[in-house]
Amino acid sequence: MTSPSTSPSGATETTRHLRAAMFVDFDNVYIGLRRLDPAAAEAFASDPGHWLSELETGSDADGDFTRRFLVRSCYLNPSVFSQFRPNFTRAGFQVVDCPSLTQQGKSSADINLVLDAVDALAAQTRYEEIVIVSADADFTPLAQRCRADDRRVTIITASPAASAYRAVADTVITADDLAELVTGASTDGDDEHHAPAPAPAQAPSRSRGGRGRRSGTTTSAGTSAAGATGASAGTAAAETGDVLDATETLEATEAAEASGTAGATTTPSGTASKPKTSRASGSRSRKASGTGPLEPSEIVVPERAAPPKATAPPAAPLSPVARRAVLKRVLSADRPLTLGSVAQAAQKADPSVADDSWGGTGGFAAWLAQEVPEVGASSRPPGHVWDAKRFGEADLPGAAVADTDPSALQRQVINVTDVPGLSAENYRALLTTLADDVAAHPFERAATSRRVRNACQDAGVPVGRSTVNFVISGILYGGTELGDSPSAADLAAAFADNVVGLCRGARMELTPGDVAALRAWVGGGLIED
């Protein structure tokens, strides 16, 4: 369902409106978030209306969209989490009580959620999107069923989710993304040491209407796309269409003459030059020293600077279809993708795009840099493409294992569980840096992750933000409290136990020798057995 809208340039844009049905496995999400970030867990449970409204709008490779959650269902165990029930009721959720039915505490949330979701697929109202809020891989068949019925599937997790479960979804919101969503905190910021603060923007010129127009725009790289920023205040005023009235001009000029610099302006190069004046300027200066009023003809108004030349609009993409396919593939991926797989996605969407050497650019990498500049890319074999907002070059598999040829077991673990492919030496450096940081600073997930990432990169260890977040999350899910200043060996043991659990959850058959090899690898040799 779409509706047209008109952009400032006059082009017609389309906003999609999705009818959505949301199913929340409360126990799974709350417990997972509490291990990762207690504050995020409380925000999730206490104010569901906030994060629900955040999910109602968004954009992807196909453009902007809005969600209308026609079905909002929350499944919780009332004997444990009844205090949160009114919060979800107030936010418009239908809360389904799922008490424990066994001595082990297993509730009926899973089966109730599945039954309601299947009913939604068969409902008279067609829901274009099914949103499953749970990291439980038991919902994989449900996601497959929704996908087979041509419904968009979005999965929101609060703990590590199986790769098979994530692969079925069109969109995956990870635990880190969810924690940021519910708390409103960003984990993307860099310390000033790693990202210099941008130069202060020039204040907009004053106009009679109280509005200022910026003299330039900012590109995605953070640079100014306008003219020189060192122009004088008079030039800036002229560029914004401001004209001093006669009184303001008189007062400014008299003050300048009193200091011996009447009519001087500053050029971008910093040299002084005098503006053109009329013949009346001589008599004006004589009268200005007396007591008589000035005649209107004797008032000099600075000449208006030439308006900036209009820039040509950006060229249209060579293949909009291929560009959308690349963005959709890259932005929905949970890791950097190989260059070849992204090229295949572009060719599948538009088979003609490669017929003329990728639009005359000479190759896919050059086409990608020209047509999809918002993604990151590396041509280092085998080549990778990634979402620049979530990943960096340090997150590439090749960068992570540059000093080691991983064994067949390591390759399988990396592919099946998404465990970062660091070498044992780099794992040792990361875990030691993390232990030092939590001993020196109070643990705060986003700030700690940023400091550890920066310290590792300063030491020459190629560790990306997502890698540090993965290790921290694994340690927290293993039950180790980072606020207790654990040792590097304690962190290594906790993370290794988490990795072994992920492997067994993915149905990998591990021998005792395999477990020992994994612990030695991801523990960085710090574990004392």
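Calculation criteria
For every chain, the first residue of its written sequence is number 1, and the numbers climb from 1 along that sequence. This being a predicted model, a pLDDT of at least 70 is required before a residue's local features are given, and a value of 80 or more before pairs of side-chain atoms are given or counted; all residues contribute to the totals for chains, interfaces and linings. By convention in this description, side-chain values take in all heavy atoms of the structure and omit both hydrogens and water. Basic side-chain nitrogens of Lys or Arg form a salt bridge, by our definition, when they fall within 4 Å of a carboxyl oxygen of Asp or Glu. Here a helix means four or more residues in a row that DSSP labels H or I, a strand means two or more in a row labelled E, and each is numbered from the N terminus. Note on classification: 1.4 Å probe, protein chains only; a residue is buried when its accessible area is under 20% of the maximum for its type, exposed when over 50%, partly exposed between these limits. Pairing between two strands requires that DSSP report at least two bridges joining them.

Visitor: Any chance you could break down the pattern of salt bridges for me, citing the residues and the numbers?
Guide: Between side chains of opposite charge, pairing is possible as soon as their charged atoms come close. For the structure on display, the rule yields 13 salt bridges. Ionic pairing is found between Glu 129 and Arg 67, a salt bridge with its closest N-O pair at 2.6 Å. Note that Glu 129 is positioned in strand β6 (residues 129–133) and Arg 67 in strand β4 (residues 63–76), a separation of 62 residues in sequence. Judged on exposure class, the residue Glu 129 and its partner Arg 67 are both buried. Of the charged contacts in the structure, one is a salt bridge between Asp 497 and Arg 519, with a shortest N-O distance of 2.6 Å.

Visitor: Describe the sheet that holds strand β11 (residues 337–338), with residues and values.
Guide: Sheet strands associate in pairs through backbone hydrogen bonding, adopting either a parallel or an antiparallel arrangement. Within the open sheet, the three strands sit side by side as β11-β13-β12. Their pairing is antiparallel. At either margin of the open sheet sits one strand with a lone partner, and together these are β11 and β12 (375–378). Here β11 runs beside strand β13 (residues 384–387); their pairing, made up of two bridges, is antiparallel. Directly across from Thr 338, in β13, lies its bridge partner His 384.

Visitor: Break down unusual backbone geometry for me, citing the residues and quoting the values.
Guide: Of note in this structure, Asp 150 is not a glycine but carries a positive phi near 60°. Within the fold, Asp 150 resides in the loop between α7 (140–148) and β7 (152–156). Even without a glycine there, the phi angle at Asp 418 is positive, about 65°. Mapped onto the elements of the fold, Asp 418 is located in the loop between α18 (408–417) and α19 (424–440).

Visitor: Which residues make up the environment of Asn 469, and what values go with them?
Guide: By the element assignment, Asn 469 lies in helix α21 (residues 465–477). A sequence separation of 23 residues divides Asn 469 from Ala 446, and the C-alpha atoms of the two residues are 8.5 Å apart.

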